[in-house]
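# Fold and geometry: a report
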Amino acid sequence: MRCCPTSTLHLLRCLRLRSCTRRGKSRLPLWIRELWAYMSLLVQSLYFNSLTDSDVVFDSVFEPVFWTVDYVTRWFGTVFVCLVVILVSSIVGIAYMVLLPLILNTYSPVWIAWHVCYGHWNIVMIAFHYYKATKTSPGYPPTEKNDSPFVAVCKKCIMPKPARTHHCGICNRCILKMDHHCPWLNNCVGHFNHRYFFCFCLFMTLGCVYCSISGRNLFLDAYKALERFKHLDTEKPGVPVTGMGLLIGLLPPGQTNYQTSAPPYTFKDKMIHKSIIYMWVLTSTAGVALGALTLWHAVLISRGETSIERHINSKETKRMANRGKVYRNPYNYGSLNNWKVFFGVEKRSHWLTRVLLPSGHTPLCDGLKWDVFPVKKDLIPV
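Residues numbered from 1 in each chain as written. Predicted model: local features only at pLDDT ≥ 70, side-chain atom pairs only at ≥ 80, totals over all residues. Heavy atoms only, no water.

What counts is decided by this rule: UniProt positions are given in the numbering used here, feature names are shortened, and annotations may be inferred rather than shown by experiment.
By the naming in an unreviewed UniProt entry, the chain is Palmitoyltransferase, taken from Dicentrarchus labrax. Recorded under Catalytic activity (unreviewed entry), the UniProt text for the chain is reproduced unchanged: "L-cysteinyl-[protein] + hexadecanoyl-CoA = S-hexadecanoyl-L-cysteinyl-[protein] + CoA". Heading Sequence similarities (unreviewed entry) of the UniProt record for the chain holds this comment: "Belongs to the DHHC palmitoyltransferase family."

### Some details on the overall build of the chain
Applicable threshold: Secondary structure elements are defined from DSSP: runs of H or I of at least 4 residues count as helices, runs of E of at least 2 residues count as strands, and each element is numbered from the N terminus. Classification of residues uses two cut-offs on accessible area relative to the type maximum, computed with a 1.4 Å probe and protein chains only: under 20% is buried, over 50% is exposed, and between them is partly exposed. Contact definition: two residues touch when any of their heavy atoms are within 4.5 Å.
When you go through the chain residue by residue, the secondary structure sums to 13 helices and six strands. Out of the 382 residues belonging to the chain, those deemed buried represent 31%. Across the chain, every contact between residues at least 6 apart in sequence was considered, and the portion connecting residues at least 24 apart equals 66%.

### A few points about the pattern of salt bridges
Oppositely charged side chains can pair when the atoms bearing their charge come close. Selection rule: The rule for a salt bridge is simple: a side-chain nitrogen of Lys or Arg has to be within 4 Å of a carboxyl oxygen of Asp or Glu.
For the coordinates displayed, the defined rule picks out four salt bridges. In this structure, R310 and E305 form a salt bridge, with 3.6 Å as the shortest nitrogen-oxygen distance. Residue classification places R310 among the partly exposed positions, given a relative accessible area of 29%. Assessed through its relative accessible area of 7%, E305 is described here as buried. For R354, the salt bridge identified is with E346, shortest N-O distance 3.5 Å. Relative accessible area serves as the criterion here: at 43%, E346 is assigned to the partly exposed category.

### What to know about the nonpolar core
One broad rule of soluble globular proteins: the nonpolar side chains tend to lie buried together. Our working definition: Here, nonpolar core refers to any group of buried Ala, Val, Leu, Ile, Met, Phe, Trp, Tyr and Cys residues whose side-chain atoms link them within 4.5 Å.
Ranked by internal contacts, the top residues of the largest apolar core, which has 26 residues, are L185, F198, W339 and F343. Those elements that place two or more of their residues in this core are α5 (77-106), α6 (109-135), α7 (194-214), α10 (267-303) and α12 (335-343). Ranked by residues supplied to this core, first place goes to α7 with nine residues. Once residues lying within four places of it in the same chain are set aside, the contact partners of F343 are R195, F198, C199, W351, R354, V355 and H361. Ranked by size, the runner-up nonpolar core spans twelve residues in total, among them V98, F219, I276 and I277.

### Concerning the packing of α10 against α12
Applicable threshold: Axis definition: a line fitted to C-alpha atoms, over the contacting stretch in the case of helices. Angles run 0 to 180 degrees between N-to-C directions. Oblique is the label for any angle not covered by the other classes, which are roughly parallel (under 35 degrees), roughly antiparallel (over 145) and roughly perpendicular (65 to 115). Gly falls in the polar group here, along with every residue not listed as nonpolar (Ala, Val, Leu, Ile, Met, Phe, Trp, Tyr, Cys, Pro) or charged (Asp, Glu, Lys, Arg).
Contact geometry of α10 with α12 gives a least axis separation of 7 Å together with a crossing angle of 105°. When the axis of α10 is compared with that of α12, the two are roughly perpendicular. Between α10 and α12, the residues in contact are A298, I301, S302 and R303 and S335, N338, W339 and F342, respectively. Counted by class, the contact of α10 with α12 contains four nonpolar, three polar and one charged residues.

Have a look at this one:
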C-alpha cells in the first residue's frame, strides 16, 4: 500500500504542532524570562560597546596603574615643588657667594654690568612666573546652569564641557584648555596659567644656558683643582727613617717619620670648587631637559594647540585622510597670531611690558568661548 504524500504532510504538521504545544507548556513564566533577558543585557553591556577599540581596552586594563600614578602625583606634588625651590635656591646661593666675588675681582666693568643686570632680571622672571604658575587657577567650567556653549558632557563630572576642556584625573575636575598636569607645579596647566608655565620653562632654560656657558671655564678649573687636591691627599704623610738614619741624627729624638707640610688648600677652597662643579652639572642637564620641553611647547603654541589637542588632532587628521579629506585645526590662527593670543599682545609695547617684563594680565578670552577663523588673518594689528 503506497503512502499518499498529502497524508504524510498532514501527519508531520500534527506532530510539529503537538511538540510545540508541549514545549510551550514547559516554558518558564514570562516575568522570569524578561528578568533573565534584562540581566543578560546588563552583562553584555559591561564588555560590549559599538565604540570599543584598542584605546578603550588599553585604558580599561591599565586603569589601576593610572589610578596609582594619579594618587602618588597628587600627594607628592608638594615634595616636587619644595625640590624645585631648593635646587633653584642652591644655584642662586652659589652665584651670590662664589661667582659674584670672582666676577667683581676679575671681570671688566662692562662685563660686570652685563652679568649683574642679566642675572638679576633672569632670577626675577623665573621666580615670578613659577609663583604665578603654581598659585594661579588653571580655570574651571561653571558648575551652575548658564548659557555658555558646550561640546560634550564629562563622563566623570557629569557636567557640560566647553570646547578645549578636558578632565584631570589628579585634580579630579575639568580644566579649561587643559594642557597637562605638572607635578613640578603641583597644579594643572590650563587656560589661565599656561603662559606662566611656558615663560617659567623659557626663562629657566635661558638661565641654565647662561650659567652653563659663562661657568664653563670655572668648571674646568675647579675640576682640575679637585684632581690636584685628590693627588695630594693620596701622598703619604711621611717617610719612615730606620737603621743608620736614627744613628746619625736625621730626626729629633723620639720621632721616626718625616712630617710633610700642610696641604696647599683649605676646606673652603675645596667646597668652592665642588660648588662650581655642582652648579655647572645641574644647570647643564636641566638646560638640556627644559630646553627640549620648551621647544616642544613652542611648536604646539605656534600650531594653536595643546599637548592633549596634539594627540586628538593627529588621530582626527588620520581619520579624515582615510576619507579623502583634510583636517584643519579650527583654533590655529597662524603662527604669529597664535603667539599674540597666547601672550595677550594687543599692541607693540606689550611685547616689552607683557613678555619681557613680569605681567599678571589675564588671557584675551574667558576660556569658555573660542572664536573660529576659517582663514588666517591678522587678529591683532601690531
